[in-house]
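Fold and geometry: a report
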Amino acid sequence: MKNILSKRYVIKWTCALVLMVAGYTSNAQSNLKNFSGTWLLNEEKCDFGKLSAANASKIKTITISQSEEQISIQSGDSSARSSTVLRLNGRPSEQTVVTVINDIPNTSTNSISVKIINSQSLISTMKDQISLLSLSIKTYTISDDGQALTIAFNNTYGDNVLAGKLVYEKKKE
């Protein structure tokens, strides 16, 4: 009888712990600041690293929409555009890139893992094992006032590393 009671306590405490952790995780996600808006690149505050400012032309403006379950990021133009969906509910995240070469659209999709650091920051990690052994890590951080967005990037392509920081300011509506 004593053994059964102790097993019941273990089961009750385990269930309580799981519920507390689940509540903490969902609460952390719902407390994430709102990244939504149209963001304009402030080239003077950026550290492009090996990426030239001219190469950054496709990311001068990004548009972000956010719900409790995901953050969607759109950038690019008619020759190359990127659509990134960062899911905050544990479901798979992905980036789709469409490039147009000689009027022929080419689409590629990569899986992304997302980790929420705190209410103002999250990290996305994308690995591409097929074309090159590449790894892309981006840290998205929004300022306290919600008017500046910093994207620190570290992209590794084989032995080459492309690292830097892009700073965006929220477009006044």
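To keep things clear, this report deals only with the structure shown in the data block. Along each chain, residue indices are assigned from 1 in the same order as the chain's sequence is written. In keeping with the model being predicted, local features are shown solely for residues with a pLDDT of at least 70 and side-chain atom pairs are shown and tallied solely at 80 or more, while totals for entire chains, interfaces and linings include all residues. Working from all heavy atoms in the structure, the side-chain values ignore hydrogens and water.

With that settled, consider the overall build of the protein. Only runs of H or I of at least four residues qualify as helices and only runs of E of at least two qualify as strands under DSSP, and these elements are numbered from the N terminus. A count of helical and extended segments in the protein gives 1 helix and 10 strands. In the protein, the succession of helices and strands from N to C terminus is α-β-β-β-β-β-β-β-β-β-β. Burial classification: accessible surface area is computed with a 1.4 Å probe over protein chains only, and a residue below 20% of its type maximum counts as buried, one above 50% as exposed, and the rest as partly exposed. Taken across its 173 residues, the protein has 29% of its residues classed as buried.

Residues belong to one nonpolar core when they are buried, are Ala, Val, Leu, Ile, Met, Phe, Trp, Tyr or Cys, and are joined through side-chain atoms within 4.5 Å. Membership of the largest hydrophobic core comes to 24 residues, with the highest contact counts inside it found for F35, I62, I64, I71, L149 and Y168. Secondary structure elements with two or more residues in this core: β1 (37-41), β2 (61-66), β3 (70-76), β7 (121-128), β8 (134-142), β9 (148-157) and β10 (160-170). Contacts were defined at the residue level, with two residues in contact if any of their heavy atoms lie within 4.5 Å. Ignoring anything within four residues of it in the chain, the contact list for F35 reads I64, Q66, I71, Q120, L122, Y140, T141, I142 and L149.

What counts as a salt bridge is simple: a side-chain nitrogen of Lys or Arg found within 4 Å of a carboxyl oxygen of Asp or Glu. Enumeration over the complete set of coordinates arrives at 2 salt bridges. Across the salt bridge formed by E43 and K60, the nearest N and O atoms sit 3.0 Å from each other. Of the two residues, E43 is situated in the loop between β1 and β2 and K60 in the loop between β1 and β2; the sequence distance between them amounts to 17 residues. Looking at E43, the relative accessible area reads 33%, which means it is partly exposed. Judged by its relative accessible area of 36%, K60 is partly exposed.

In this analysis, strands are considered paired if DSSP registers two or more bridges between them. Bridge count for strand β4 (residues 80-87) against strand β5 (residues 93-101) is 6 bridges, and the pairing is antiparallel. Bridge pairing in β5 places S82 opposite V97. Where β4 folds back onto β5 in an antiparallel hairpin, the turn is made up of 5 residues, including G90, whose phi is positive at roughly 90 degrees. Here β5 runs beside strand β6 (residues 104-118); their pairing, made up of 9 bridges, is antiparallel. Paired with T96 across the bridge in β6 is T109. Here β5 folds back onto β6 in antiparallel fashion, the turn holding 2 residues, of which N102 has a positive phi close to 55 degrees.

Moving on: unusual backbone geometry. Of note, N102 is a non-glycine position whose phi angle comes to about 55 degrees, a positive value. Backbone geometry at D103 places phi at a positive 65 degrees, although glycine is not the residue there. Relative to the assigned elements, D103 resides in the loop between β5 and β6. Looking at D103, the relative accessible area reads 74%, which means it is exposed.

Positionally, K138 belongs in strand β8. According to the relative accessible area criterion, K138 is partly exposed, its value standing at 25%. Residues K138 and A152, 14 residues apart in the sequence, show an inter-C-alpha distance of 5.5 Å.

What follows deals with the side chain of Q95. Residue position: Q95 is located in strand β5. Using a relative accessible area of 12% as the deciding quantity, one classes Q95 as buried. At 3.0 Å, the side chain of Q95 and the side chain of S82 are in polar contact. Non-local contacts of Q95, meaning those with residues more than four positions away in its chain, are made with S82, S83, T84, S108, T109, N110, I112 and M126. Counted as a polar contact is a pair of N or O atoms within 3.5 Å, where, for protein atoms, one must be capable of donating a hydrogen and the other of accepting one, and residues adjacent in sequence contribute only when both atoms are in side chains.

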